[in-house]
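# Structure at a glance
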Amino acid sequence: MSEVRVVLVTVPDEACGLELARSLVGESLAACANLVPGLRSIFRWQGRIEDQAELLLILKTQARLVPPLTARVKELHPYEVPEVLSLAVDGGLNEYLNWVAAETGG
């Protein structure tokens, strides 16, 4: 199995997503980030049903970097409890997986 992880983070707007993406890639915590607009999130928060427009940040990193990446997201994110989900990658193009590893410190 690959050591590459896909990390999903929802953000309230494009400015927040760009700041997070640039910080995480710039600090080599992620090899790349995709910002996907058009997300609508419905969730329960503090006893109320919320319905908000959001964007999805898709990050590619290594398993060993998920804890520091998560800590950095928590530090930079405006939400009290940001969504940060790490998904294992069980395969993919070897050259791409190697690139992710190289861009995040091998």
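Residues numbered from 1 in each chain as written. Predicted model: local features only at pLDDT ≥ 70, side-chain atom pairs only at ≥ 80, totals over all residues. Heavy atoms only, no water.

Inspection of the secondary structure puts glutamine 62 in strand β3 (residues 48-62). In contact with glutamine 62, not counting residues within four places along its chain, are Glu3, Val4, Arg5, Ala101, Thr104, Gly105 and Gly106. (Helix = DSSP H or I, 4+ residues; strand = E, 2+ residues; numbered from the N terminus. Contact = heavy atoms within 4.5 Å.)

All right, on to the sheet that holds strand β2 (residues 32-45) then. Read across the open sheet, the 4 strands follow the order β2-β3-β1-β4; overall the sheet is antiparallel. On the outer flanks of this sheet lie β2 and β4 (84-88), each paired with one strand and no other. Within the sheet, the average angular offset between the axes of one strand and its neighbour, ignoring direction, is 30°. Relative to β3, strand β1 (residues 4-11) runs antiparallel, the two sharing 8 bridges. Its bridge partner being in β3, arginine 5 is matched across the sheet by threonine 61. The strands touched by helix α1 (residues 14-26) within the sheet are β1, β2 and β3, with β2 carrying the most contacts at an inclination of about 130°. On the sheet, helix α3 (residues 94-103) packs against β1, β2 and β3 and is oriented at approximately 95° with respect to β3. (Pairing = 2+ DSSP bridges. Axes fitted to C-alpha atoms, helices over the stretch in contact; angles between N-to-C directions.)

A few words now on the packing of α1 against helix α2 (residues 66-76). At a minimum axis distance of 11 Å, the contact between α1 and α2 shows a crossing angle of 145°. Once α1 is placed against α2, the crossing between them reads as right-handed. Contact residues: Glu19, Leu20, Ser23 and Leu24 in α1; Leu69, Arg72, Val73 and Leu76 in α2. Considered class by class, the residues forming the contact of α1 with α2 number 5 nonpolar, 1 polar and 2 charged. (Left-handed = near helix turned anticlockwise from the far one by under 90°. Nonpolar A, V, L, I, M, F, W, Y, C, P; charged D, E, K, R; others polar.)

Structurally, the position occupied by phenylalanine 43 is in strand β2. Relative accessible area serves as the criterion here: at 29%, phenylalanine 43 is assigned to the partly exposed category. Distance from phenylalanine 43 to proline 82, taken between C-alpha atoms, is 13 Å for residues 39 residues apart in sequence. For phenylalanine 43, the contacting residues outside a window of four places in its chain are Arg48, Ile49, Glu50 and Gln52. (Buried < 20%, exposed > 50% of the residue type's maximum accessible area, 1.4 Å probe, protein only.)

Per the stated rule, a full pass over the model turns up 0 disulfides. Here cysteine 16 is not cross-linked by a disulfide; its sulfur's nearest cysteine counterpart is in cysteine 32, at 18 Å. Since its relative accessible area comes to 10%, cysteine 16 is described here as buried. (Disulfide = S-S within 2.5 Å.)

Our next topic: the nonpolar core. Val9, Leu24, Leu59 and Leu69 are the most contacted members of the largest nonpolar core, which totals 16 residues. Taken together, the elements giving at least two residues each to this core come down to β1, α1, β3 and α2. Considering every element that reaches this core, the biggest residue donor is α1, with 4 residues. Formed by 8 residues, the second largest nonpolar core is a distinct cluster that contains Val4, Leu8, Leu56 and Leu97. (Core = buried A, V, L, I, M, F, W, Y, C linked by side-chain atoms within 4.5 Å.)

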